[in-house]
Amino acid sequence: VIMALNVQAEMDRPAKFPRVMVIALVLFSAFYLLLGVAGFALLGMDGATLPSPISDAFDATPLHIGAIVLYALQLVPTFSIVLWLSYSALEAYYLRLRGVLAGSARHRAIKWKLFVPARVAAILLSALIALTIKDFGDFLALIGAVANALGIYLLPHLCWLRIFGPQCRLPGRSFCFMAKALLSVAVVLFGCTLAVYGSYTSLRSMINHNASAS
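Residues numbered from 1 in each chain as written. Predicted model: local features only at pLDDT ≥ 70, side-chain atom pairs only at ≥ 80, totals over all residues. Heavy atoms only, no water.

This part covers the overall build of the protein chain. The helix and strand tally for the protein chain stands at 6 helices and 0 strands. Buried residues in the protein chain amount to 15% of all 214 residues. Partitioning the contacts of the protein chain with sequence separation of at least 6, the portion at a separation of at least 24 is 53%. Only carbon and sulfur atoms are counted for the fraction: they give 73% of the accessible area of the protein chain, which is about 16,000 Å². (Helix = DSSP H or I, 4+ residues; strand = E, 2+ residues; numbered from the N terminus. Buried < 20%, exposed > 50% of the residue type's maximum accessible area, 1.4 Å probe, protein only. Contact = heavy atoms within 4.5 Å. Areas by Shrake-Rupley, 256 points an atom, 1.4 Å probe, with all protein chains shown as cover.)

In structure tokens:
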């Protein structure tokens, strides 16, 4: 969702973006529904006894080991895409602040002196966090609560309101336009609620697990 604006802007035929989005959402929902049905068939209703991450509940059979490997592999491109978005946005902002033209000799010098070391440091820091946190599932839940709320509910609608919101004051706005604005505000409030609640429950779980471990 957070990449939607960039994707539409770079399409050869942006008018077809709604159709592409519908197809993507249908496939996305179908894949997750299939995963949920398979998980229910494999693990049943007693979810309270499942460990976190859920892959620890798989038996050590070749089929289950293959499922764990595939699950881990599908996270690799996701991790790369998210980091690439963060890197590109921060680096472009830094270049604008410094007045550096992208692709110039100065940009290439900054890339190897600053950008590449910063990317390597971010990867190493992520690995260090993953190794030092006792219950990494709770930490992922905390990051997911914040990142998903930002990427799905907050940033896209805040961007829309920032660009088109001032037009709400103009006379002659259609009902559909005003409805979009109101829905965007509602989604932003909903996203804030989810982020706060998800962060609270994740932090509470982390504190409880650390207390029980000690």
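Quick look at the UniProt feature "transmembrane region" (unreviewed entry) in the protein chain now. Within this structure's numbering, the places UniProt gives as "transmembrane region" (unreviewed entry) are residues 20-43, 63-87, 114-133, 139-160 and 181-200. The span residues 139-160 is 100% helix and 0% strand, and its two end C-alpha atoms sit 30 Å from each other. Segment residues 181-200 splits into 100% helix and 0% strand. End C-alpha atoms: 29 Å apart. (UniProt positions renumbered as here; feature names shortened; annotations may be inferred.)

In this section: the pattern of salt bridges. A complete count under the given rule lists 1 salt bridge for this structure. Between arginine 119 and glutamate 91 there is a salt bridge whose closest N-O contact spans 2.9 Å. In this pair, arginine 119 is assigned in helix 4 (residues 105-132) and glutamate 91 in helix 3 (residues 62-98), connecting sequence segments 28 residues apart. (Salt bridge = Lys/Arg side-chain N within 4 Å of Asp/Glu carboxyl O.)

A few words now on helix 4. If you check helix 4, its first and last C-alpha atoms are 40 Å apart, about what 28 residues at 1.5 Å a residue would give, namely 40 Å. At lysine 111, helix 4 shows its largest bend, some 45°. Listing the buried residues of helix 4 in full gives His107, Ile110 and Phe115. (Expected span 1.5 Å × (residues − 1). Bend = angle between axes of the 7 residues up to and from the residue.)

Residues Ile23, Leu27, Phe28, Phe31 and Tyr32 make up a contiguous nonpolar surface patch of about 570 Å² in total accessible area. Tracing the sequence through the fold places phenylalanine 31 in helix 2 (residues 17-43). (Patch = residues over 30% accessible without salt bridge, like charges linked within 9 Å, V, L, I, M, F, W, Y side chains within 5 Å.)

Our focus in this paragraph is the packing of aromatic side chains. Within this structure, the stated rule accounts for 3 aromatic pairs. A ring pair is formed by tyrosine 94 and phenylalanine 115, whose centres lie 5.9 Å apart and whose planes are at 80°; its orientation type is edge-to-face. On the criterion of sequence distance, the pair formed by tyrosine 94 in helix 3 and phenylalanine 115 in helix 4 is long-range, its members being 21 residues apart. When its relative accessible area of 26% is taken as the criterion, tyrosine 94 is described as partly exposed. Pairing tryptophan 160 with phenylalanine 164 gives two aromatic rings, centres 5.3 Å apart and planes at 40°, and the pair type is tilted. (Phe/Tyr/Trp six-rings, centres within 6.5 Å; stacked < 30°, edge-to-face > 60°.)

All right, on to the confidence of the model for the protein chain then. Averaged over every residue, the pLDDT of the protein chain is 77; the share at 70 or more is 80%. Highest mean pLDDT in the protein chain belongs to helix 4 (86); lowest belongs to helix 1 (residues 4-10) (65). (pLDDT = per-residue confidence, 0-100.)

By the secondary structure assignment, serine 202 is in helix 6 (residues 175-213). Reaching out from serine 202, the side chain makes a polar contact with the backbone oxygen of glycine 198 at a distance of 2.8 Å. Beyond its immediate sequence surroundings of up to four residues, serine 202 is in contact with Asp138, Ala141 and Leu142. (Polar contact = N/O pair within 3.5 Å; in protein donor to acceptor, adjacent residues only side chain to side chain.)

The exposure class of serine 202 is buried, given its relative accessible area of 7%. Through-space distance from the C-alpha of serine 202 to that of phenylalanine 139 is 7.2 Å; in sequence the pair is 63 residues apart.

Mapped onto the fold, serine 199 is located in helix 6. Of the residues examined, serine 199 reaches a relative accessible area of 15% and is grouped as buried. Within the structure, the side chain of serine 199 is placed 2.7 Å from the backbone oxygen of alanine 195, a separation counted as a polar contact. Setting aside anything within four residues of it in sequence, one finds serine 199 in contact with Leu142, Ala145 and Val146.

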